[in-house]
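Chain by chain, the residues:
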Amino acid sequence: MVSEPETGEPGEPESAADAHELAPGLLEESRRALEAVLMVVDEPAEPGLLAQLVELPADAVEALLVDLATEYESQRRGFQLVRVAGGWRFQSHQDCAPWVERFVLSGQSARLSAAALETLAIVAYKQPISRAQVAAIRGVNVDGVMRTLQARGYIDEVGRDDGPGLAVLFGTTREFLERLGIDDLSELPSLGDFIPGAEVVEALEQGLRPTDDLVLDDEGSAGDEAPGDSGHSVDTGTDDPGDAQE
Amino acid sequence: MVSEPETGEPGEPESAADAHELAPGLLEESRRALEAVLMVVDEPAEPGLLAQLVELPADAVEALLVDLATEYESQRRGFQLVRVAGGWRFQSHQDCAPWVERFVLSGQSARLSAAALETLAIVAYKQPISRAQVAAIRGVNVDGVMRTLQARGYIDEVGRDDGPGLAVLFGTTREFLERLGIDDLSELPSLGDFIPGAEVVEALEQGLRPTDDLVLDDEGSAGDEAPGDSGHSVDTGTDDPGDAQE
Amino acid sequence: MPSVAYEVQTEVFEGPFDLLLHLIVREQVELYEISLAAIVDAYLAELARMEQLDLEIATEFLLIAATLVELKARRMLPDDDEVDLDEDLSLWEERDLLLARLLECKTFKDAAVSLARFQARAARSVARRVGPDERYVDLAPDLLAGVTGEDLLAAYRRAVTPRPQPMIDLFHVAPIRASVVDAVAELCAELPGAGRVSFRELTASLVDRLEVVVRFLALLELFKQGLVELDQPVTFGDIRVEWIGEASRAVSVLESVDAYDG
């Protein structure tokens, strides 16, 4: 129902995206959608997902993105659209690195991003936990964030899951405790009777199915909701955090 | 294809930033620096901070940002640069909401209940205010609602009452401004705008009149109960408490 | 006393003001001449129906009930000179206080609606909160500076709070353009011979709210044209739909309907 009939307008066929013979209106709508989404995602967005989003063939999306990147470059924007780690993202332009460094050094941004803090919090409260489980809870790929947290020494590998995948399990470090000014994990504020959403419980269960709930229980985190009582098979709708990170 | 915008080419001196008579090269450099830095801020960046960073007067920076925002709008970008909660930030364009909603998990879009909204309104307009004062206005215990609002970052403790009880006083947060999309509290409509109209006052007055006829002559003038003339068409302006949150 | 057919809907009233405002402002506007007695009775009835009240709320409800009952009693007294003027005055004072509180409460209710509107508008945009990328990570001295356990807890709660599902796979992502014309056509095909169906059934397969709204508009259109019978036995209940027209008239309907675009 979307497909605007191609109007006779030939335009300039030299652009890569135009080569796909998309109607100009649709093209602009798609371009805007891509810009909007890319502006707010906190991990590089895979072309496949973007293609689904705008319902265009992957190569048309790729062409649109290349066009956009060129356009920003020619407008000498302070940001650029780049392809990294298999996805696309906005970042500050390399030419402007000194400004950004200055900003970062000013201490104004010397904090974890909201996304990173959430990830860290999940690891802190649910350790030991695999990357896939964290991703399932946050609903996005967390590889980059987890790498950053590990590089900064806040989290580290603490073992492997017994399950078939032998997933690496993460936990917080001594350094983390020191930064927070506490002696051990039991000093973290208790989760109390806070009940997370069903899909979170599910995500945790999924990942730990082979080893069952023991793993969670002998860890100090207070107020864990009993994994048992969430047995109601919740339909999470999209249980594909797994392929979100692939 | 996307209309090729005018690039940094100097030429139209009508721009607000140009009015500051900055050399075109410097201007462009500053513009790029701002774009680069705004790309990495995770909360609205205060003009003062940005000004310090690019070493320009704050009003010149402000003018540059206004120009940039206009430029993105005219280029029909999928993102926009906005001033909110006392600072500047990039965000996805509101026109693109349908796409972004489907791609990005935005935790903050969970809606507030009618009770929470009313409580929030009281805090917003009467801050700093204690829990007990809010409860007195609403006529119900508000502890739970206040906790929720605090946990979700809308309100926070801002001090203590001087009175004997040293009651904790609450106010709205910067996040509240961000979520409402306003720059500061003065952008909220004045509370006076919501004072019930004459019809409502009359209905209340009428409903709670202790005497059918006028025992106390100087109280409530006669003849205000002409049922005919105020008809049914009175718009009370309220929604049902139940569906206000939809 | 005329028995006012008073049905307080099974709403949850969030407090005595909520209830009283509902009784006076909403109902009275509709029925205009409602007596104080009826309001008081409805209020008391509602109070009786509330099974569990915590003490604090109950007290507030009861205080107001007391004022109301007093007002009602005063109104029913024969209007002679025996009335103690002091008592009378204090009753007026109480009443005025109640009035003032009701007005204040109403004011904030309306302000809340306005806040919700702001919020809904702002929610159409999502902020970029990405932070410096990995190129800059090593520059910052301490990423956890100023972060407390409470911040961490808040972040955890944010992270595990249910949120809208990503719907990439389930939705056709293109903006929905539903037209009433199309919906009328569909209904004209579906309804004749279908007997009595419920609106819920008619919209069960629709995913987007706009589509449901458009279907509803289409139904109203058909109703206007006398082609369907609509019936809603319970307020806010399901609407029952029955085709009463001839199938052949459907075509002419189509031409008279405007197109709505999402």
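Because the structure is predicted, anything quoted here is derived from the model rather than measured. (Residues numbered from 1 in each chain as written. Chains lettered and ligands numbered in written order. Predicted model: local features only at pLDDT ≥ 70, side-chain atom pairs only at ≥ 80, totals over all residues. Heavy atoms only, no water.)

J.: Which parts of the structure should I look at to understand the packing of helix α5 (residues 114-126) of chain A against helix α7 (residues 143-151) of chain A?
T.: Each pair of packed helices can be summarised by the angle the axes make with each other and by the distance between the axes. All names here are of chain A. The geometry of α5 relative to α7 is characterised by a closest axis approach of 10 Å and an angle of 75 degrees between their N-to-C directions. Viewed along their axes, α5 and α7 adopt a mutual orientation that is roughly perpendicular. Contact with α5, carried on its side by Ala 115, Ala 116, Thr 119, Leu 120 and Val 123, involves Val 145, Met 146 and Leu 149 of α7 and no other residues of that element. Residue classes in the contact of α5 with α7 are distributed as 7 nonpolar, 1 polar and no charged. (Axes fitted to C-alpha atoms, helices over the stretch in contact; angles between N-to-C directions. Helix = DSSP H or I, 4+ residues; strand = E, 2+ residues; numbered from the N terminus. Parallel < 35°, antiparallel > 145°, perpendicular 65-115°, else oblique. Contact = heavy atoms within 4.5 Å. Nonpolar A, V, L, I, M, F, W, Y, C, P; charged D, E, K, R; others polar.)

J.: I tried to follow a negative patch on the surface on my own but got confused; where do I start?
T.: Residue and element names in this part refer to chain C. On the surface, Glu 70, Asp 86, Glu 87, Glu 93 and Glu 94 cluster together into a negatively charged patch. In terms of residue count, the dominant contributor to the negative patch is helix α4 (residues 85-122) (4 residues). Tracing the backbone shows Asp 86 in helix α4. You can call Asp 86 exposed: its relative accessible area is 58%. (Patch = residues over 30% accessible without salt bridge, like charges linked within 9 Å, V, L, I, M, F, W, Y side chains within 5 Å. Areas by Shrake-Rupley, 256 points an atom, 1.4 Å probe, with all protein chains shown as cover. Salt bridge = Lys/Arg side-chain N within 4 Å of Asp/Glu carboxyl O. Lys, Arg positive; Asp, Glu negative; His and termini not counted. Charge placed at Lys NZ, Arg CZ, Asp CG, Glu CD. Buried < 20%, exposed > 50% of the residue type's maximum accessible area, 1.4 Å probe, protein only.)

J.: Just to check I follow, could you spell out the confidence of the model for chain A for this structure?
T.: Caution applies to low-pLDDT regions: their predicted coordinates should not be interpreted in detail. Residue and element names in this part refer to chain A. In this model, chain A carries an average pLDDT of 75, and 67% of its residues clear a pLDDT of 70 or more. Confidence drops under a pLDDT of 50 for residues 1-14, and excluding neighbours within four residues, the segment shows 12 contacts in the predicted structure. Here residues 208-246 is modelled with pLDDT under 50, and outside its nearest four sequence neighbours on either side it reaches 48 contacts, counting other chains as well. (pLDDT = per-residue confidence, 0-100.)

J.: Teacher, can you tell me more about the pattern of salt bridges here?
T.: It is possible for side chains of opposite charge to pair when their charged atoms get near one another. Within this structure, the stated rule accounts for 31 salt bridges over all chains. Close ionic contact of Glu 29 of chain A with Arg 76 of chain B constitutes a salt bridge, the shortest N to O distance being 3.7 Å. Of the two residues, Glu 29 of chain A is situated in helix α1 (residues 24-40) and Arg 76 of chain B in the loop between α3 (58-74) and β1 (79-84); the pairing between them involves two chains. Since its relative accessible area comes to 27%, Glu 29 of chain A is described here as partly exposed. Here Arg 76 of chain B falls in the partly exposed class, since its relative accessible area comes to 34%. Between Glu 178 of chain B and Arg 129 of chain C there is a salt bridge, with its nearest N and O atoms 2.9 Å apart. Of this pair, Glu 178 of chain B sits in helix α8 (residues 174-180) while Arg 129 of chain C sits in the loop between α4 and α5 (149-160), which puts the two residues in different chains. The class for Arg 129 of chain C is partly exposed, based on a relative accessible area of 23%. Each of the salt bridges in this network shares a partner with another, and the network as a whole consists of Glu 28, Glu 29, Arg 31, Glu 35 and Glu 71 of chain A together with Arg 76 and Arg 77 of chain B.

J.: What should I look at first to understand the nonpolar core in this one?
T.: Burial of nonpolar side chains together is a common tendency in soluble globular proteins. One finds Leu 50, Leu 81 and Phe 90 of chain A together with Leu 38, Leu 81 and Phe 90 of chain B to be the most contacted residues of the largest nonpolar core, which totals 65 residues. Residues in contact with Leu 50 of chain A, not counting those within four places in the same chain, are Leu 34, Val 37, Leu 38, Ala 45, Val 61 and Leu 65 of chain A together with Phe 103 of chain B. (Core = buried A, V, L, I, M, F, W, Y, C linked by side-chain atoms within 4.5 Å.)

J.: Even after reading the chapter, I still don't get the packing of aromatic side chains, so can you show me in this structure?
T.: With the rule as written, the count across this model stands at 12 aromatic pairs over all chains. Judged by centre distance (5.6 Å) and plane angle (45 degrees), the ring pair of Tyr 72 of chain A and Phe 90 of chain A falls under tilted. You can see Tyr 72 of chain A sitting in helix α3 (residues 58-74) and its partner Phe 90 of chain A sitting in strand β2 (residues 87-92), a full 18 residues away along the chain. With a relative accessible area of 2%, Phe 90 of chain A lands in the buried category. Feature note: the residues Tyr 72, Phe 79 and Phe 90 of chain A together with Tyr 72, Phe 79 and Phe 90 of chain B constitute an aromatic cluster, connected by ring pairs. Positioned above the aromatic ring of Tyr 154 of chain B, the side-chain terminus of Arg 179 of chain B is 4.6 Å from the ring centre. (Phe/Tyr/Trp six-rings, centres within 6.5 Å; stacked < 30°, edge-to-face > 60°. Lys NZ or Arg CZ within 6 Å of the ring centre and 35° of its normal.)

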